[in-house]
Amino acid sequence: MEKAALSQLLEDVKSGTLGITDALTKLRGLPFTDLGFAKVDHHRSLRKGFPEVIFCQNKEPEHIVAIVREQQKHKETVFGTRASIEVQALTKRLLRVQVNKIARCFWWKSPHWKPKTNVKGTIVIASAGTADAAVAEEARCTVEILGHPCAALHDVGVAGIHRLFAHRELLDKASVIIAVAGMEGALPSVIAGAVSCPVIGVPTSVGYGSHLGGLVPLFAMLNSCASGLTVVNVDNGFGAACAAAAMNTVGE
């Protein structure tokens, strides 16, 4: 249950439009619902500010559908990551969710969803190459479902650094920047050395053999001499977006 929904329920009890027995029935499943194969955490939104997110990789499609339906029943915003083509098609057909095929994400906004107003500014996502698009789009979808303003810069890697600095004004005004890069992973260091806001580096598994599946850009970012750069795991656009949203939030 999202904070707005719980507030409305309490207001209804206070005004007398909802009886105590009915309110208790609605609250009975608040901590979590045990589906046997999953325990859906309905308390997550109250603790974290957004509902539990579904990591779809290695989950059975029918299990994902059941989790989504449980969240929708509780009027919780739904967000799924790492969804296969099969899961994307199934959830779109059965559950009326929206899908981003490149990001491998799907979402359904609850009636209580609204953009955040307590934000510092815009989160900018800069990706080095077109091959990094899946990770960059996962980050963008996550930032947007969390309700934060977002701007994306694609294909602005160091092989043509002038493409990045053509957007200098946007970079300077950003409150947080997520920099996504594979290959040698240089982009986050370049950006972190040029701006004053926090920069989150996201290494990707894009590259040739000695790239080691993303370890090379990961190590490069971890060893950056540019101050203000922090780093998440390989291909973790979702994690970078959650960190950026936390940095971009002013109080609660």
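Our subject is the structure that appears above.
The structure contained in this document is the topic of the report that follows.

1. Description of the overall build of the protein
Of the regular secondary structure elements, the protein holds 11 helices and 11 strands. For a compact globule of 252 residues, the expected C-alpha radius of gyration is about 18 Å, and the protein comes in at 20 Å, within 12% of that figure. Along the first, second and third principal axes, the C-alpha atoms of the protein reach 65 × 40 × 25 Å. For the protein, with 252 residues in total, the buried portion stands at 47%.

2. Some details on a nonpolar patch on the surface
Residues Leu212, Leu215, Phe219 and Leu222 make up a contiguous nonpolar surface patch of about 390 Å² in total accessible area. Looking at the element boundaries, Phe219 is found in helix H10 (residues 215-222). On the basis of relative accessibility, which here comes to 45%, the residue Phe219 falls in the partly exposed class.

3. Some thoughts on H10
For an α-helix the count is 3.6 residues per turn, leaving residues at separations of three or four pointing the same way. Where H10 is concerned, the buried positions are Pro217, Leu218 and Met221. Buried residues along H10 cover an arc of 105° about the axis, so they all sit on one side. At its buried positions, H10 is contacted by strand E9 (176-181), helix H9 (187-192), strand E10 (199-203) and strand E11 (229-231).

4. Examining the sheet that holds strand E4 (residues 78-81)
Hydrogen bonds along the backbone pair up the strands of a sheet, which may run parallel or antiparallel. Taking strand neighbours across the sheet as the criterion, the 4 strands line up as E3-E4-E6-E5 in an open arrangement whose pairing is mixed. Unpaired on one side and paired on the other, strand E3 (54-55) and strand E5 (98-100) mark the two borders of the sheet. In this structure, E3 lies alongside E4, joined through 2 bridges in parallel fashion. Bridged to Ile54 within E4 is Gly80.

5. Some remarks on the packing of helix H6 (residues 133-145) against helix H11 (residues 237-248)
Relative to each other, H6 and H11 sit at 35°, their axes nearing to 7 Å. Helix-helix and strand crossings are classified by hand; for H6 and H11 the assignment is right-handed. For the pair formed by H6 and H11, the contact residues are Val135, Glu138, Ala139, Thr142 and Val143 on the first element and Gly237, Phe238, Ala241 and Cys242 on the second. Class assignment of the residues belonging to the contact of H6 with H11 gives a composition of 6 nonpolar, 2 polar and 1 charged.

6. Let's talk about the environment of Pro31
Mapping Pro31 onto the fold places it in the loop between helix H2 (20-27) and strand E1 (32-34). The class for Pro31 is partly exposed, based on a relative accessible area of 46%. Taking C-alpha positions, Pro31 is 51 Å from His162, a pair spaced 131 residues apart along the chain. Sequence-distant contacts of Pro31, defined by excluding residues within four places in its chain, comprise Val40, Asp41, His42 and His43.

7. With respect to the sheet that holds E9
Pairing in this open sheet of 5 strands is parallel, and the strands run E8-E7-E9-E10-E11 from one edge to the other. The outermost strands of the open sheet, each flanked by one partner alone, are strand E8 (150-153) and E11. Ignoring strand direction, the axes of neighbouring strands in this sheet form an average angle of 20°. Looking at chain direction, E10 and E11 are connected through 3 bridges and run parallel. Its bridge partner being in E11, Gly201 is matched across the sheet by Val231. Packed onto the sheet, H10 meets E9, E10 and E11 and runs at close to 160° relative to E10.

8. Here's the deal with the nonpolar core
Counting residues in each nonpolar core, the largest one holds 23 residues, and the members touching the most others are Val124, Leu171, Ile177, Ile191, Val195 and Val199. Mapped by element, the contributors of at least two residues to this core are strand E7 (123-127), E8, E9, H9, H10 and E11. Sequence-distant contacts of Val195, defined by excluding residues within four places in its chain, comprise Leu171, Asp172 and Ile177.

9. Details of the packing of aromatic side chains
Counted according to the given criterion, the structure contains 0 aromatic pairs. Of note, Lys109 hangs over the ring of Trp113, and the distance from its end group to the ring centre comes to 3.8 Å.

10. Considerations on the pairing of E8
Here E8 shows a clear split, with Ala151 and Leu153 buried on one side and none of Cys150 and Ala152 buried on the other. Here E7 pairs with E8 via 4 bridges, running parallel. Within E8, the position partnered with Ile125 by the bridge is Ala152. In the classification by handedness, the crossover that spans E7, the intervening H6 and the parallel E8 is right-handed.

The rules behind the values
Residues numbered from 1 in each chain as written. Predicted model: local features only at pLDDT ≥ 70, side-chain atom pairs only at ≥ 80, totals over all residues. Heavy atoms only, no water. Helix = DSSP H or I, 4+ residues; strand = E, 2+ residues; numbered from the N terminus. Rg over C-alpha atoms; globule rule 2.2 N^0.38 Å. Buried < 20%, exposed > 50% of the residue type's maximum accessible area, 1.4 Å probe, protein only. Patch = residues over 30% accessible without salt bridge, like charges linked within 9 Å, V, L, I, M, F, W, Y side chains within 5 Å. Areas by Shrake-Rupley, 256 points an atom, 1.4 Å probe, with all protein chains shown as cover. Salt bridge = Lys/Arg side-chain N within 4 Å of Asp/Glu carboxyl O. Arc of directions from axis to C-beta. Contact = heavy atoms within 4.5 Å. Pairing = 2+ DSSP bridges. Axes fitted to C-alpha atoms, helices over the stretch in contact; angles between N-to-C directions. Left-handed = near helix turned anticlockwise from the far one by under 90°. Nonpolar A, V, L, I, M, F, W, Y, C, P; charged D, E, K, R; others polar. Core = buried A, V, L, I, M, F, W, Y, C linked by side-chain atoms within 4.5 Å. Phe/Tyr/Trp six-rings, centres within 6.5 Å; stacked < 30°, edge-to-face > 60°. Lys NZ or Arg CZ within 6 Å of the ring centre and 35° of its normal. Right-handed = clockwise from strand over helix to strand, strands pointing away.

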